[in-house]
Amino acid sequence: MSSGGPQRPTDRTVRVEVPGQPYEVRIGSGLLSQLGEFLNSLGLARPGSHAFIAYDSRLPDATVAAARQSVESAGLRVSSAFVVADEASKSISALEALLVRLAQSRHERREPLIALGGGIVGDLAGFAAAIYRRGVPVIQCPTTLLSMVDASVGGKTGINFAIGPGESDFLKNLIGAFHQPALVLADVSTVASLPDRQFRSGIAECIKHGLLSADFGDPDLLGWTTSHMETIVARDAATLIELIHRNVAVKAAVVKGDERELSPAGGRALLNLGHSFGHAIETLPGLDLLHGEAVALGLMAATTCSAAMNRCPKALPDEVKAVLTKAGLPTQLQGLPPDDQLLARMAHDKKVEGGSLRLILPLGTGRSMVVRDPSAAQIQVGWAAIRA
Ligand code: GLY
């Protein structure tokens, strides 16, 4: 059921039932040119009010213009600022610059901040929205596959933080807030302009969802994704709408059950499948990995660990390798540092709780589980699997 806003027959909607602030994720083609109508339906287009658009500097001018014109047509005054979408933008200084622009534009408490871009823009602008005037509504308009299926949904926002000069002192997403969006608009026409590598990087999060989706309403997601990979990589709009719809539905079910990632049974922590390994290598200088590529390698490592620990069928690592390869994602990497350095980086990860590492392992048949305190030897099996 829809709570309002324009709806065309090809559009899909997922309702994210978080306590106190349920919201919709709309998935379709051309949605950005209806952004103003959506703001109106949410009561955020009062006469004379203001909207602020934080957008990815690499987006085509036409995409930013479509969003801006739509919001202006709804009668709002619009200010905007671009964000350079690299990890360096998830910093205190970039946050401060955005907050200064918001304040200079006289943005008020009930006025929307629109995050138009990939995960970096969504994380930074979402966090600014969480703290500016103690919280303003944020509309997430993801423009990458990765942010459509994962980052824009569920309210996680934040920035990275360095606690010292060393490489292992740079901590991803250390500072942030849960700030659920008022609406997510996933306009699949925006992924047409993505570089191939960046587009494929988003498929890694879909494969991750397929390895845990059976407990969240979609037991066949991995099978469907594997059998539709040709049309997915060809960016067929109808296939992408279906892919995003199914992935967002899984993510919404996970988030509904454990919004703040507190469940001892796994819950939202399951979404970190592949990320303990992935985060340890994602920001290493010289490796030049995109987030989804690091996740792909992390999925391979976690699945190999799981098989070595007899938690999943022995054939699962080969199945995961086959689907990652079909998606054009890496499954091995040259230039990894020695295991002791990788283990030290994992120990710093935010998935460490009470001093113990929580590793997520796939079990096969679309299920995953949390394992506490795996031994160094068990983790090393994973690193060995992806070391070329
Ligand atoms: N991307 C993992 C989460 O939203 O919890």
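What you see is a predicted model; the values in this text were computed from it and never measured.

A few words on the environment of Leu-271. On the secondary structure map, Leu-271 appears in the loop between helix H9 (237–257) and helix H10 (275–282). According to the relative accessible area criterion, Leu-271 is buried, its value standing at 6%. Spatially, the C-alpha atoms of Leu-271 and Ala-130 are 22 Å apart, while their sequence positions differ by 141 residues. In contact with Leu-271, not counting residues within four places along its chain, are Lys-208, His-209, Leu-212, Lys-251 and Val-254.

Okay, a nonpolar patch on the surface next. A cluster of nonpolar residues, Ile-92, Phe-161, Ile-163 and Leu-174, forms a patch on the protein surface that exposes about 350 Å² of accessible area. Mapping Phe-161 onto the fold places it in strand S7 (residues 156–162).

On to the pattern of salt bridges, then. Summed over all chains, the structure comprises 21 salt bridges. Across the pair Arg-200 and Asp-196 runs a salt bridge whose closest N-O atoms are separated by 2.8 Å. Linking Arg-200 with Asp-196, this pair stays in helix H6 (residues 196–210), spanning four residues, or about one helical turn. Within the structure, one salt-bridge network assembled from shared partners comprises Asp-150, Glu-205, Lys-208 and Lys-251.

This paragraph deals with unusual backbone geometry. With the exception of glycine, the majority of residues adopt a negative phi angle, and the majority of peptide bonds are in the trans configuration. We note that Arg-133 has phi near 50°; this positive angle belongs to a residue other than glycine. Topologically, Arg-133 is positioned in the loop between helix H4 (119–131) and strand S6 (138–142). Residue classification places Arg-133 among the partly exposed positions, given a relative accessible area of 45%. You will see that Asn-173, though not glycine, has its phi angle at about 55°, which is positive.

Quick look at the packing of aromatic side chains now. Throughout the structure, instances matching the rule amount to one aromatic pair. Plain terms: the ring middles of Phe-277 and Trp-383 are 5.0 Å apart, the flat faces sit at 75° to each other, and that makes the pair edge-to-face. Of the two residues, Phe-277 is situated in helix H10 and Trp-383 in helix H14 (residues 376–386); the sequence distance between them amounts to 106 residues. Residue Phe-277 is classed as buried on the basis of its relative accessible area of 1%.

Moving on, we come to the packing of helix H11 (residues 291–308) against H14. The angle between the axes and the distance between the axes are what describe a pair of packed helices. Put simply, H11 and H14 touch, their axes get as near as 8 Å, and they point 130° apart. In this view, H11 runs oblique relative to H14, as classed from their interaxial angle. Relative to H14, H11 is oriented so that their crossing is right-handed. In this structure, H11 uses Leu-297, Met-300, Ala-301, Thr-304, Cys-305 and Ala-308 to contact H14, whose residues at the interface are Gln-378, Ile-379, Val-381, Gly-382, Ala-385 and Ile-386. The residue inventory of the contact of H11 with H14, partitioned by class, reads nine nonpolar, three polar and no charged.

In spatial order, the strands read S1-S2-S9-S6-S5-S3-S4; together these seven strands make up an open sheet with mixed pairing. Edge positions in the sheet fall to strand S1 (12–16) and strand S4 (77–83), since each of these pairs with one other strand and no more. The mean angle between the axes of side-by-side strands here comes to 15°, regardless of whether they run parallel or antiparallel. Of the pairings in the sheet, the one linking strand S2 (residues 23–28) to strand S9 (residues 183–187) comprises five bridges and is parallel in character. Counted as the bridge partner of Arg-26 is Leu-185 from S9. Sheet strands in contact with helix H3 (residues 92–104) are strand S3 (50–56), S4 and strand S5 (113–117), and its direction is about 155° off that of S3. Seen against the sheet, H9 touches S1 and S2 and runs at an angle of roughly 10° to S1.

Conventions used here
Residues numbered from 1 in each chain as written. Predicted model: local features only at pLDDT ≥ 70, side-chain atom pairs only at ≥ 80, totals over all residues. Heavy atoms only, no water. Helix = DSSP H or I, 4+ residues; strand = E, 2+ residues; numbered from the N terminus. Buried < 20%, exposed > 50% of the residue type's maximum accessible area, 1.4 Å probe, protein only. Contact = heavy atoms within 4.5 Å. Patch = residues over 30% accessible without salt bridge, like charges linked within 9 Å, V, L, I, M, F, W, Y side chains within 5 Å. Areas by Shrake-Rupley, 256 points an atom, 1.4 Å probe, with all protein chains shown as cover. Salt bridge = Lys/Arg side-chain N within 4 Å of Asp/Glu carboxyl O. Phe/Tyr/Trp six-rings, centres within 6.5 Å; stacked < 30°, edge-to-face > 60°. Axes fitted to C-alpha atoms, helices over the stretch in contact; angles between N-to-C directions. Parallel < 35°, antiparallel > 145°, perpendicular 65-115°, else oblique. Left-handed = near helix turned anticlockwise from the far one by under 90°. Nonpolar A, V, L, I, M, F, W, Y, C, P; charged D, E, K, R; others polar. Pairing = 2+ DSSP bridges.

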